[in-house]
Amino acid sequence: MRNADEATRKRILNRLKRARGQLDAVINSVEGDGKCRDVVTQLSAVSTALDRAGFAIVSSAMQHCLVDPEQTAEAEDGLTIEELEKLFLSLS
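Residues numbered from 1 in each chain as written. Predicted model: local features only at pLDDT ≥ 70, side-chain atom pairs only at ≥ 80, totals over all residues. Heavy atoms only, no water.

Quick look at the overall build of the protein chain
The helix and strand tally for the protein chain stands at four helices and zero strands. In the protein chain, the succession of helices and strands from N to C terminus is α-α-α-α. The buried share among the 92 residues of the protein chain stands at 22%. Counting contacts in the protein chain only where the partners sit at least 6 residues apart, residues at least 24 apart contribute 56% of the total. Of the accessible surface of the protein chain, which amounts to about 6,600 Å², a share of 55% is contributed by carbon and sulfur atoms. (Helix = DSSP H or I, 4+ residues; strand = E, 2+ residues; numbered from the N terminus. Buried < 20%, exposed > 50% of the residue type's maximum accessible area, 1.4 Å probe, protein only. Contact = heavy atoms within 4.5 Å. Areas by Shrake-Rupley, 256 points an atom, 1.4 Å probe, with all protein chains shown as cover.)

Set out below in structure tokens:
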């Protein structure tokens, strides 16, 4: 994430914070004996938010890696395009 521009970082952070808020709602609902339908709906929202954040993180890294693979490998502890592809596929 070192190479991500400020707008990309902000978008990713917003998605992660949204997921955290939704996860807190799931936890509160389970602790408060919430209805099963509500818990599952909230859990689905958490999952979707995390998937979207993960996609944004990996796609941002892939963009930087494709533009300047050597700099990305240096800045990201040897991260290669092949490793990024595996990370991306792990999200599906």
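Some details on the confidence of the model for the protein chain
Residues of the protein chain with pLDDT of at least 70 account for 84%, and the chain-wide mean is 82. The least confident element of the protein chain, judged by mean pLDDT, is helix H3 (residues 69–75) at 67; the most confident is helix H1 (residues 6–31) at 91. (pLDDT = per-residue confidence, 0-100.)

What about the environment of Leu23?
The topology assignment puts Leu23 in helix H1. Relative accessible area serves as the criterion here: at 38%, Leu23 is assigned to the partly exposed category. Here the alpha-carbon distance between Leu23 and Ala49, two residues 26 residues apart in the chain, equals 10.0 Å.

Considerations on a nonpolar patch on the surface
Judged by side-chain polarity, Phe55, Phe88, Leu89 and Leu91 come together as a nonpolar surface patch covering roughly 370 Å² of accessible area. Locating Phe88 in the fold gives a position in helix H4 (residues 81–90). Using a relative accessible area of 32% as the deciding quantity, one classes Phe88 as partly exposed. (Patch = residues over 30% accessible without salt bridge, like charges linked within 9 Å, V, L, I, M, F, W, Y side chains within 5 Å. Salt bridge = Lys/Arg side-chain N within 4 Å of Asp/Glu carboxyl O.)

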